[in-house]
Amino acid sequence: MLNRRSLFASAAALLTLLGAQAQAEGVLRVAISTGYPPFNVLNADGTFGGFDVDYALLLCERMQKTCEFTDIEWDGIIPGLLANRYDVIIASMGITEERKQQITFSNPYYQTPSTVIARADAGLTADAAGLAGRTIGVQRATGHECYIQREWGEADMRSYPTTDEAYLDLLAGRIDAVLVDSIPGQDWLASDPAHAVFAPVGGDIYDTECFGAGTGVGLRQGETELLDALNAAIQLTREDGSYVALSERYFGRDIYGQ
Amino acid sequence: MADLWEYRWLLFIGTGRTIALGLCGLVLALAIGLATAAARIGGGGLARRLAQGYTTFIRSVPDLCMMLLLFFGGQTLLNHFGVWTGWWDYLEINAFVAGAVTIGIIFGAYMAESFRGAHGSIPRGQFEAAAAVGMTPAQTFRLITLPQLLGYALPSLGVNWMVLLKTTAMVSVLGLQDLVYFATSAGRTTRNPFAFLIAVMVIYLLMTAVSQWVLARLERRYTRGRMIRS
Amino acid sequence: MTLAAPDPVADLWALIAAFSADRSPIDFALILTHWPMFLEGLGNTLLLVLFGLSFGALIALPLAVLRWWRIPVASQLAGAFVYVFRGTPLLVQAYLIYYGLAQFEVVRDSPFWIILREPWWCCAIAFTINSAAYQVEIYRGGLDAVPRGEIEAATAIGMTPGMALRRLILPSALRRCLPMLGNESIFLLHGSAIASMLTVIDILGAGRKLNAEYYLAFEGFLAATVIYMALVWAITRVLARVERRTMRHLHPLTR
């Protein structure tokens, strides 16, 4: 007869062996959410890329840690952080008051406005009257959802797991417009000749309440040591020119703002 | 086709991971199923009721919902438990283990029903004979029940395996980089989801076909004894 | 002197709110205040499942008869249909219909686009096709189980094959299928949770939306789980009753 206690002990040991690893020293577990070019992408060879990923690598280097990336669905990214699946979120997350109730943020590492993208010939205007009754796509659990609900309540909002899926439906004509950050929006417009019929509508939108005061690294509340280290690392990348070099490589300009 | 070729390695790796996940989930499900069936057939009042509650609970909740609940809720529960007992600050359960355990828990309930059904197919007389020659219940289980159980349960276990295999597709929502994860990511990036989804369908069909072949062989082997006798 | 009328609902609510705020790790009050969202989800789930089951049956019945009569080519084609849609995950089928088809201009320019552009209809189509594949095998099993004698009796009294099928064999087979159809309806309900992956607010979709809005880890999933459990419980009860009624003639008259 198998001893019941030893059975439990071996099951626990097996669990530990299989997947429940303690956090290794010198490792920073970074959450990203792919499907968000040019910031978070999955390359054809299975590696992760994009501005956020490259910038995370810069930060890790400055903090003398190794980055370990986890790709997670966007609407599960804050719960995952709270459940201690990783240490930081470096995934173009806006520093909003609402999120600050759950997590804390580093200083902003870039700031860009948002924009509406629609067919240029659709005669759409980016205001409450122009979007009333129109279908507008956004990524689920983003500031864009917050903005549409507050400003354009008459619009029919459709929430997607990733922005890439919203683009697919914009292309297919299932939705009339998307509300996205301006850089990914511009990147999408330029990425394919077929996208030339689409254009930004109504210019840049700034909104601290919904889009936040810039984009920051998200971490759990109370981790002051890590927060200080992150802020110092961000400062370092500004001072040593590595930030500007990276930003120029991706966007041809410095997106840090202020 | 060019897109598929570009991402062929990812599809290959994803397929491997899906198969590994399915097999790990199967082993866990069989273990959980056997234990649950044993509790329902030969357990005491409490064990019997617990086992029944577990199978009823699992079979009334969609696998996708259960997966998300166990993945996010289970992790939070585990963290609370660790802090409460002081055993650990947190345990990191990676997506593969979480997926395999979730599949094991879900399909354990279905496997339990298969084993229970199979147990019912074993002729009563055999148990009476075992009791007559003075076997203990444990001996009866080891020497009489277990060797025959697999044969009787096999067709139903096979059906469960086919369903389990398809359920692996949902683990991509937990962030596990399986076949569906890579295919949908690549489909989005290349703006050619059709080709990648068709590829996934073909790969799943191949896995189903291989499973059927293996199952047919196994069934022939396990039922050979019965067929000669009857 | 008048006493304020006792208000049990308000009292219960105050109790839940206080419990959620003070002691419980789960915010029950938050879940309960979002009941309209879950109700919408419940409605969508029920509609989608009913749609899938009934239109699935419409497709499956003729295919099952073709398979049963073993009509060359048609029978094999029906078999292939069943094999493909039973052998692949419903999630992938739904993705294929929603994202896969939409990438072709031919599809977008076709009259079907009015339907295919809506996520709800894409789910409905995916569920219909998937359920049809499973139902074909169920009906075929039912047809195979009809005793030879019943068919011979029909021929003997001069029924044409079509008439025998319609009046005698199908009703007899369908009754035999009922338990399996009950299982299928619960399986389709389970499968329907993937509608939340295609932006449809079904039961699980409402849960995900709640989680996303308040950055919750699992409360929304928990609420969805409870609703699904209640639903399956109710369906099982109804099915058991229907089954008892329709199978009455097969039970001994000892009650």
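Residues numbered from 1 in each chain as written. Chains lettered and ligands numbered in written order. Predicted model: local features only at pLDDT ≥ 70, side-chain atom pairs only at ≥ 80, totals over all residues. Heavy atoms only, no water.

1. A word on the overall build of chain C
Next up, step 1: Each helix and strand in chain C was counted, giving twelve helices and zero strands.
Next up, step 2: Rg of the C-alpha trace for chain C: 24 Å, well past the compact-globule value of 18 Å for 255 residues, more than 25% over.
Next up, step 3: Overall size of chain C, expressed as C-alpha extent along the three principal axes, is 85 × 65 × 30 Å.
Next up, step 4: A buried classification covers 47% of the 255 residues belonging to chain C.
Next up, step 5: When the accessible area of chain C is evaluated, it comes to approximately 13400 Å², of which 69% is carbon and sulfur surface. (Helix = DSSP H or I, 4+ residues; strand = E, 2+ residues; numbered from the N terminus. Rg over C-alpha atoms; globule rule 2.2 N^0.38 Å. Buried < 20%, exposed > 50% of the residue type's maximum accessible area, 1.4 Å probe, protein only. Areas by Shrake-Rupley, 256 points an atom, 1.4 Å probe, with all protein chains shown as cover.)

2. Focus on the sheet that holds strand β7 (residues 114-119) of chain A
Residues and elements named next belong to chain A.
Next up, step 1: A sheet is described by the order of its strands in space; here five strands give the open sequence β9-β8-β10-β7-β11, paired in mixed fashion. Only two strands of the sheet have a single neighbouring strand rather than two, namely β9 (156-160) and β11 (198-205). Across the sheet, the mean angle separating the axes of adjacent strands is 30° when strand polarity is ignored.
Next up, step 2: In this sheet, β9 lies alongside strand β8 (residues 135-139) in parallel orientation, the contact comprising five bridges. Each bridged residue has a counterpart across the sheet, and for Gln139 the counterpart in β9 is Tyr160.
Next up, step 3: Contacts from helix α7 (residues 163-172) reach β7, β8, β9, β10 (177-181) and β11 within the one sheet, and its direction differs from that of β10 by about 150°. (Pairing = 2+ DSSP bridges. Axes fitted to C-alpha atoms, helices over the stretch in contact; angles between N-to-C directions. Contact = heavy atoms within 4.5 Å.)

3. Considering the sheet that holds strand β1 (residues 27-32) of chain A
All names here are of chain A.
Next up, step 1: Pairing in this open sheet of five strands is mixed, and the strands run β4-β1-β5-β12-β6 from one edge to the other. The outermost strands of the open sheet, each flanked by one partner alone, are β4 (66-71) and β6 (104-105).
Next up, step 2: The pairing of β1 with β4 spans six bridges and is parallel. Across the sheet, Ala31 pairs through a bridge with Thr70, a residue of β4.
Next up, step 3: Sheet strands touched by helix α2 (residues 51-62): β1, β4, β5 (88-94) and β12 (215-219). Its angle to β4, the strand with the most contacts, is close to 150°.

4. Points about a nonpolar patch on the surface
Residue and element names in this part refer to chain B.
Next up, step 1: A grouping of Leu150, Val210, Trp213, Val214, Leu218 and Tyr222 is seen on the molecular surface, where their side chains present a nonpolar patch of about 530 Å² in accessible area.
Next up, step 2: The element contributing the most residues to the nonpolar patch is helix α9 (residues 193-229), with five residues.
Next up, step 3: Position of Val210 relative to the elements: it lies in helix α9. (Patch = residues over 30% accessible without salt bridge, like charges linked within 9 Å, V, L, I, M, F, W, Y side chains within 5 Å. Salt bridge = Lys/Arg side-chain N within 4 Å of Asp/Glu carboxyl O.)

5. Section: the packing of aromatic side chains
All names here are of chain A.
Next up, step 1: Counted under the stated rule, the structure contains 34 aromatic pairs over all chains.
Next up, step 2: Taking the centre distance of 5.8 Å and the plane angle of 85° together, the rings of Phe51 and Tyr250 count as edge-to-face. Here Tyr250 lies in helix α11 (residues 242-251) and Phe51 lies in helix α2, a separation of 199 residues in the sequence.
Next up, step 3: When its relative accessible area of 0% is taken as the criterion, Phe51 is described as buried.
Next up, step 4: Residue classification places Tyr250 among the partly exposed residues on the basis of a relative accessible area of 26%. (Phe/Tyr/Trp six-rings, centres within 6.5 Å; stacked < 30°, edge-to-face > 60°.)

6. Regarding the pattern of salt bridges
Next up, step 1: Enumeration according to the criterion identifies 24 salt bridges over all chains in this entry.
Next up, step 2: Between Arg220 of chain A and Glu223 of chain A there is a salt bridge, with the nearest N and O atoms lying 3.4 Å from each other.
Next up, step 3: Given the relative accessible area of 28%, Glu223 of chain A is considered partly exposed.
Next up, step 4: When the shortest N-O distance is used, the salt bridge between Glu113 of chain B and Arg40 of chain B registers 3.2 Å. Within this pair, whereas Glu113 of chain B is found in helix α5 (residues 95-121), its partner Arg40 of chain B is found in helix α2 (residues 8-42), the two being separated by 73 residues in sequence. Pair check on accessibility: Glu113 of chain B and Arg40 of chain B agree, each one buried.
Next up, step 5: One connected set of salt bridges, linked through shared partners, spans Arg29, Asp87, Arg220 and Glu223 of chain A.

7. What to know about the interface of chain A and chain C
In many reports, interface size means the accessible area that the parts give up when they come together.
Next up, step 1: At the interface, 21 residues of chain A touch 21 residues of chain C.
Next up, step 2: Applying the counting rule to chain A against chain C returns three salt bridges.
Next up, step 3: Note that Arg158 of chain A and Glu118 of chain C form a salt bridge whose closest N and O atoms lie 3.7 Å from each other.
Next up, step 4: Where chain A touches chain C, the interface holds eight residue pairs in polar contact (both at pLDDT 80 or more). (Polar contact = N/O pair within 3.5 Å; in protein donor to acceptor, adjacent residues only side chain to side chain.)

8. Digging into the confidence of the model for chain B
Next up, step 1: Per-chain confidence: chain B averages 89 in pLDDT, with 97% of residues scoring 70 or above.
Next up, step 2: Helix α4 (residues 63-85) of chain B is the least confidently modelled element of chain B, averaging 85 in pLDDT, while α2 of chain B averages 94, the highest of any element. (pLDDT = per-residue confidence, 0-100.)

9. A look at the packing of α2 of chain B against α5 of chain B
Residues and elements named next belong to chain B.
Next up, step 1: Interaxial distance between α2 and α5 falls to 5 Å at its minimum, and their mutual angle equals 45°. Classified by the angle between their axes, α2 and α5 sit oblique to one another. In this structure, α2 meets α5 at a crossing whose hand is right-handed.
Next up, step 2: Here the residues of the contact of α2 with α5 sort into 20 nonpolar, seven polar and four charged. (Parallel < 35°, antiparallel > 145°, perpendicular 65-115°, else oblique. Left-handed = near helix turned anticlockwise from the far one by under 90°. Nonpolar A, V, L, I, M, F, W, Y, C, P; charged D, E, K, R; others polar.)

10. A closer look at the side chain of Thr45 of chain C
Residue and element names in this part refer to chain C.
Next up, step 1: Tracing the chain through its elements places Thr45 in helix α3 (residues 35-69).
Next up, step 2: Judged by its relative accessible area of 1%, Thr45 falls in the buried class.
Next up, step 3: Contact partners of Thr45, with chain neighbours within four places excluded, come to Leu189, Ser192, Asp202, Ile203 and Tyr228.

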